[in-house]
Amino acid sequence: MDPALLRLEPWTDADLALLRLVNTPEMRRHTGGPEDEERMLLRHRRYLDFVPSGTGCMYRVVLEPEGVAVGTVGYAERDRRGGTVYEMGWNVLPPYQGRGIAAVAARAAVGAAARTARHRYLHAFPSVGNPASNAVCRRAGFTLLGETDFEFPPGRWMRSNDWRVDLRALPAG
C-alpha cells in the first residue's frame, strides 16, 4: 500500500457512523464482541476527548483518491507495569482488508505519537489468535516482547502478544 494513498484525519462527532461500522461481530471477534449502544457511545466520547485531554488521538483512516473512510487507528494512554505508555489499536473495514492499509495507518499513527514526545513507549496487544493484527505489528515496526494476559474490554481477560515501539528511537520527522 502506497502511504500517499492514505490520510489520517482526527476523530470528530461525525465519526460515530464509522464506529458503528466497526462494532460488528466480525470486526470485534478478537476483542470480546460488539459493544451495546451505551458502551459504544462512551467509547465515541472517549475518542473525542483524547486530544483535548492530551491523552492520545483517534483517527479515521481515509483512502485516496476516493476520499472514503476505510477504518480507524489511534493511541491512548494506559498504565502498564508501573508507568504510563501509549496503547494503539486499529480496524479496517472488511472490503478493504488484506491491502496493507492497517500497517500503513499504524506506522503513520506511531509517527504522530512519537511527535507528541509525551511517552517513550507505544504498545499494541493483539490476541495471540489474531494473525492479521500480529502481522500489522510486525510490518509497522513493533518489536514482540512476548505473550501476556491483557484486559480488554474491561472485565474480560485475553491472551495477547505484547508488541512495543520505542518512540524515542524513531528517526526525527
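Parameters and conventions
Residues numbered from 1 in each chain as written. Predicted model: local features only at pLDDT ≥ 70, side-chain atom pairs only at ≥ 80, totals over all residues. Heavy atoms only, no water. Helix = DSSP H or I, 4+ residues; strand = E, 2+ residues; numbered from the N terminus. Expected span 1.5 Å × (residues − 1). Buried < 20%, exposed > 50% of the residue type's maximum accessible area, 1.4 Å probe, protein only. Contact = heavy atoms within 4.5 Å. Polar contact = N/O pair within 3.5 Å; in protein donor to acceptor, adjacent residues only side chain to side chain. Pairing = 2+ DSSP bridges. Axes fitted to C-alpha atoms, helices over the stretch in contact; angles between N-to-C directions.

Caption draft 1: Region of interest: helix α2 (residues 37-53). With 17 residues, α2 ought to run about 24 Å at 1.5 Å a step, and its terminal C-alpha atoms sit 24 Å apart, in line with that. Within the sequence span of α2, burial applies to M40, R43, H44, Y47 and F50. Looking at the buried residues of α2, the elements they touch are α1 (16-22), β2 (56-63) and β3 (68-80). Where α2 starts, the residue carrying a side-chain oxygen 3.2 Å from the main-chain nitrogen of E38 turns out to be D36.

Caption draft 2: Main features of the sheet that holds strand β5 (residues 121-124). Read from one edge of the open sheet, seven strands run β1-β2-β3-β4-β5-β7-β6, paired in mixed fashion. The sheet is open, and its two borders are formed by β1 (6-10) and β6 (143-151), each paired with just one other strand. Strand-to-strand twist of the sheet, defined as the mean angle between neighbouring strand axes without regard to direction, takes the value 30°. Taken together, the four bridges between β5 and strand β7 (residues 157-166) define a ladder with antiparallel strand orientation. Looking at β7, one finds that H123 is bridged to R164. Across the face of the sheet, helix α3 (residues 101-116) comes into contact with β1, β2, β3, β4 (83-92), β5 and β7 while running at roughly 150° to β4. Along the sheet, helix α4 (residues 131-139) makes contact with β4, β5 and β7, crossing β7 at roughly 10°.

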